[in-house]
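What the coordinates show
Here is what each chain is made of, one letter per residue.
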Amino acid sequence: MKIALIPGDGIGPDIIEEAVKVINAVGEKKQISFEFITYLAGGAAIDQTGIPLPEATLEGCKKSDAVLLGAVGGPQWDTLPGHLRPERGLLGLRKGMELFANLRPALLFPQLKAASTLKEEVIGDGIDIMVVRELTGGIYFGDRGRNEEGTRSAYDMETYSEPEIDRITRIGFEIAKKRKKKLTSIDKANILETSRLWREVAERVAKEYPEVELHHMYVDNCAMQLIRNPHQFDVMVTSNMFGDILSDEASMLTGSLGMLPSASLGSGKLGMYEPIHGSAPDIAGQDIANPIAAILSAAMMFRYSFEMEAEAVMIEEAVARVLEAGYRTKDIMEKDMKLVGTKEMGSLIAEEIKKM
Ligand SMILES: NC(=O)c1ccc[n+]([C@@H]2O[C@H](COP(=O)([O-])OP(=O)(O)OC[C@H]3O[C@@H](n4cnc5c(N)ncnc54)[C@H](O)[C@@H]3O)[C@@H](O)[C@H]2O)c1
Ligand SMILES: CC(C)[C@H](C(=O)O)[C@@H](O)C(=O)O
Ligand SMILES: [Mg+2]
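Residues numbered from 1 in each chain as written. Chains lettered and ligands numbered in written order. Predicted model: local features only at pLDDT ≥ 70, side-chain atom pairs only at ≥ 80, totals over all residues.

Per an unreviewed UniProt entry, the protein chain goes by 3-isopropylmalate dehydrogenase and derives from Geosporobacter subterraneus DSM 17957. Quoted straight from UniProt, the Subcellular location (unreviewed entry) entry for the protein chain says "Cytoplasm". The Sequence similarities (unreviewed entry) comment attached to the protein chain in UniProt states, word for word, "Belongs to the isocitrate and isopropylmalate dehydrogenases family. LeuB type 1 subfamily." (UniProt positions renumbered as here; feature names shortened; annotations may be inferred.)

Structure follows, in C-alpha cells:
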C-alpha cells in the first residue's frame, strides 16, 4: 500500500507522526507493508517552493492508494494574496483528485461523555451523526474577486450544478440506507437559489431511496437543533460551506475538535484522510495536540480506500481502550484522568493494537 503523507503546518507534523505510528502497528500485526512518501502542501510548500500546491504533490497523491493530511495554514502566511494562501493548496488537492464527498462522523466515545459540551440528559445513550459535506463545489470554488475602483467591493460566487447535487445527495442516501435510514438535507432554501435547486434535486433522488426518510432543514435552525436535540439526526448532507461550519460545531458534541476525523472520497478508491481541525498554531510543536482525529482518519483510510474493515475497527477499538484506561490529552482532560502528550497518546494507541 502506497500512502502519501502531507504533514503540512502547525500541529500537522505532530499528529501525522502519531497516525503513522498507529498505521505501522497495524502493519506489524497484520503483516501489511506500507510505503510512505512525504509531500509538501500548504505553508510548508510555500516556504520551499513559493506555491501552496507543487505539481509533484498532486501527481504523487494521484498515484498513491491513499493520502493522509495533517493540516495547513498559519499566521505567517496570512498576508499573502488569496490565491497563494496555504488553504488554497488544500482546495487544489481536493479538486485535483475530484474528492467531492467529505464524510465527517461525529461519534461520541462513551468514555468522553463528561468532555462533551452537552448535558448528560441530552447525550442519552450517545451521539452518532454522519455529516456528508460536498467538497469540490459551491462558494469555495466559485468566481471571486474584487473591485478596487471607487468604493471597494469583493464577491464570492456560490454555484451548484444538478449533477454535483445529485452525486452528493446520493452518497447521503447510500450511507443513510446502511444506518438509521434518516437523511436530513441542510440548506438555506428560504433565501439561496442554489439551496432551492439543492432541495429539488434531493427530492428527485429520494424517489430512488423509498426506505430512507428525507427531511429538509434550514442551516441556522440546524446549528441550534444540533445542540438542543442531536438525536434527531442520523445522516446530514449539505453544501461545502455549511458542512465546514456544522462539522466544527458537531465536534464539540464529541468532546473536542481534536476528536473528529474525515474521509474525502471521489468515485474511485483513492481518498484523502484528514482531521477536520486546522493547524492550531497556538499549540504547535508543544506535544499537547490531540492526535486522535488524525488516528481515526487513518482508520477511515483502512475502511474506505483499502476496504479493510477489521483493521479500521482495530484502530477505533484501540482508541476506545486507551480512553477507557483514563488517558487524556489536554483538550479532553477531566478530573482524575491521566494527562498525556501527543506522542504518548499515539504510542499508547499503537501499543494497544500490538496487544490485540
Ligand atoms: N484542514 C485544514 O488544513 C484546516 C482546517 C481548519 C483550519 N485550517 C487553518 O488552520 C489555521 C488555524 O485555524 P483556526 O485556529 O481557526 O482553527 P484550528 O482548528 O487550527 O484551531 C481552533 C482551536 O482548536 C484547537 N485545536 C485544533 N486542533 C486541535 C487538536 N488536535 N488538539 C487540541 N486542540 C486543537 C486549537 O488549539 C484552537 O484553539 C488557519 O490557517 C486555518 O485556515 C486548516
Ligand atoms: C482550511 C479550510 C480550507 C478547510 C475548509 O474550509 O474546508 C478547513 O476548515 C476544513 O474544515 O477542512
Ligand atoms: Mg473547517
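This is not the end of the story, as more comes after the structure.
Here the focus is the site of ligand 1. The immediate surroundings of ligand 1 are formed by 21 residues, with Gly73, Gly258, His277, Gly278 and Asn290 found nearest. Its residues placed into classes, the shell around ligand 1 shows 10 nonpolar, 7 polar and 4 charged. (Near = placed C-beta within 6 Å. Nonpolar A, V, L, I, M, F, W, Y, C, P; charged D, E, K, R; others polar.)

For the rest of this paragraph, the subject is the UniProt feature "binding site: Mg(2+)" (unreviewed entry) in the protein chain. In the UniProt entry, the feature "binding site: Mg(2+)" (unreviewed entry) is given for Asp220, Asp244 and Asp248. The greatest C-alpha distance among the annotated residues, which extend across 29 residues, is 14.4 Å, indicating that they converge on a single site. Residue placement: Asp244 occurs in helix α9 (residues 240-253). Positionally, Asp248 belongs in helix α9. Look at Asp248 and you get partly exposed, because 15 C-beta atoms sit within 10 Å. (Helix = DSSP H or I, 4+ residues; strand = E, 2+ residues; numbered from the N terminus. Buried ≥ 20, exposed ≤ 12 C-beta atoms within 10 Å, placed from the backbone.)

This next bit is on α9. Owing to its 3.6 residues per turn, the α-helix aligns residues three or four sequence positions apart on the same side. Its 14 residues place the ends of α9 21 Å apart at the C-alpha level, agreeing with the 20 Å of an ideal helix rising 1.5 Å per residue. Listed in full, the buried residues belonging to α9 are Asn240, Phe242, Gly243, Leu246, Ser247, Ala250, Ser251 and Leu253. Packing partners of the buried residues in α9 comprise β4 (101-107), β5 (128-134), β8 (182-187), α8 (219-228) and β10 (235-238). (Expected span 1.5 Å × (residues − 1). Contact = placed C-beta atoms within 7 Å.)

This part takes up the domain arrangement of the protein chain. Domains assigned within the protein chain are domain 1 (1-100 + 262-356) and domain 2 (117-253). Centre-to-centre, using C-alpha coordinates, domain 1 lies 24 Å away from domain 2. Across the boundary between the two partners, domain 1 contributes 8 residues, which contact 10 residues of domain 2. Top element by residues in the side of domain 1 that touches domain 2 is helix α4 (residues 86-96). It accounts for 3 residues. For the side of domain 1 that touches domain 2, the residue count by class is 4 nonpolar, 1 polar and 3 charged. (Domains from an automatic or database assignment.)

What follows is about the packing of helix α1 (residues 12-30) against helix α10 (residues 292-304). Interhelical geometry of α1 versus α10 gives an angle of 45° and a closest axis separation of 8 Å. Classified by the angle their axes make, α1 and α10 are oblique. Seen along the crossing, α1 lies across α10 with a hand that is right-handed. Together, Ile15, Ile16, Glu18, Ala19, Val22 and Ile23 of α1 and Ala294, Ile295, Ser297 and Ala298 of α10 make up the contact between the two elements. Class assignment of the residues belonging to the contact of α1 with α10 gives a composition of 8 nonpolar, 1 polar and 1 charged. (Axes fitted to C-alpha atoms, helices over the stretch in contact; angles between N-to-C directions. Parallel < 35°, antiparallel > 145°, perpendicular 65-115°, else oblique. Left-handed = near helix turned anticlockwise from the far one by under 90°.)

Time to look at the site of ligand 2. Taken together, Gly73, Glu87, Leu90, Leu91, Asp244, Ile276 and Gly278 make up the full set of residues adjacent to ligand 2. With 3 residues, the single largest contributor to the shell around ligand 2 is α4. Here the shell around ligand 2 is composed, by residue class, of 3 nonpolar, 2 polar and 2 charged.

In this section: the pairing of β4. The buried fraction of β4 amounts to 6 of the 7 residues, a majority that puts the element mostly inside the structure. In this sheet, β5 lies alongside β4 in antiparallel orientation, the contact comprising 7 bridges. Bridge pairing links Leu107 to Asp128 in β5. Bridge count for β4 against strand β11 (residues 263-265) is 3 bridges, and the pairing is antiparallel. Looking at the pairing, Ala101 lines up with Leu265 of β11. (Pairing = 2+ DSSP bridges.)

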